[in-house]
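# Fold and contact review
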Amino acid sequence: KMKAMQVISLTLLCVMAASAQMLRFGKCPKPLCRPTLIPYVGKWYEIMKLPTQFQKGECGTATYSPKSPGVIGVLNRELLKDGSINFIVGSAKVKHPSEPAKLEVSFTDIPSPPGPYWVLSSDYETHSLVYSCTDFGLFRLEFAWILSREPTMSEETLQSMQSILSAAGVNPEKMVATNQDETYCAPMNQ
């Protein structure tokens, strides 16, 4: 029975490695996070991300709203190639009150356990850097997003966010830019 579980686990990891570009050897790093989330609510534009299988569109936005103490509502939206808008609703909960910027996010329509959502850097007014990492035995699955309150970000701020990721052991060169062109993304504003 144990041998069968090992084979299943190895098969699952191979499938994940084939579909998730950021499956890496080793345990998740433990980077520092921001001390508060209260001013974090509102709309953020996705500037860059580590590629994922669940985000297939462009013009990505994340809107956070207060729900209750320690809980933030999440609405993620993106524009798909066919012109339709894909969205998902969820909530992010503070895991421990002493670390309010380390949350666990779960989505209403996805039957999976909550995932980590750590705000590594944010001035709350212009930029945010979010990191997520889950350990799977000898491997870790990483996600990262660079967000802005506007559809663009200065090169200086972008480089600063990438430096923080690099210091945390994440390769920012693996990130891809999100199209936030005003004309292309116009359907998101209707």
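Residues numbered from 1 in each chain as written. Predicted model: local features only at pLDDT ≥ 70, side-chain atom pairs only at ≥ 80, totals over all residues. Heavy atoms only, no water.

Where an unreviewed UniProt entry is consulted, the chain appears under the name Apolipoprotein D, with the organism given as Labrus bergylta. In the Subcellular location (unreviewed entry) part of its UniProt record, the chain is described as follows: "Secreted". UniProt annotates the chain under Sequence similarities (unreviewed entry) with the comment "Belongs to the calycin superfamily. Lipocalin family." (UniProt positions renumbered as here; feature names shortened; annotations may be inferred.)

Below, the discussion takes up the pairing of strand β9 (residues 139-148). Moving residue by residue along a regular strand, the side chains alternate between the two faces of the sheet. The element β9 is largely enclosed, with a buried count of 10 among its 10 residues. Residues F139, L141, F143, W145 and L147 point to one face of β9 and R140, E142, A144, I146 and S148 to the other, with burial holding for every one of them. One ladder, built from four bridges, connects strand β2 (residues 42-49) with β9; its direction is antiparallel. Each residue of the ladder has a partner; that of K49, found in β9, is W145. Of the pairings in the sheet, the one linking strand β8 (residues 127-136) to β9 comprises 10 bridges and is antiparallel in character. The residue of β9 that forms the bridge with S132 is F143. (Buried < 20%, exposed > 50% of the residue type's maximum accessible area, 1.4 Å probe, protein only. Helix = DSSP H or I, 4+ residues; strand = E, 2+ residues; numbered from the N terminus. Pairing = 2+ DSSP bridges.)

Our focus in this paragraph is the packing of aromatic side chains. If you walk through the whole model with that rule in mind, you get six aromatic pairs. Relative to Y64, the ring of Y40 has its centre 5.3 Å away and its plane inclined at 35 degrees; by these criteria the two rings are tilted. With Y40 in the loop between β1 (23-25) and β2 and Y64 in strand β3 (residues 58-68), this pair connects stretches of sequence that are 24 residues apart. Residue classification places Y64 among the buried residues on the basis of a relative accessible area of 6%. Connected via pairs of aromatic rings, a cluster forms that spans Y40, W44, Y64 and Y117. One Lys or Arg, K102, reaches over the ring of W118 and ends 4.3 Å from the middle of that ring. (Phe/Tyr/Trp six-rings, centres within 6.5 Å; stacked < 30°, edge-to-face > 60°. Lys NZ or Arg CZ within 6 Å of the ring centre and 35° of its normal.)

To continue, consider the pattern of salt bridges. For the coordinates displayed, the defined rule picks out four salt bridges. Of the charged contacts, one joins K102 and E99 as a salt bridge, the two residues approaching to 3.3 Å between their closest N and O atoms. Note that E142 is salt-bridged to R140, the shortest N-O span being 3.1 Å. R140 gets classed as buried once you look at its relative accessible area, which sits at 8%. (Salt bridge = Lys/Arg side-chain N within 4 Å of Asp/Glu carboxyl O.)

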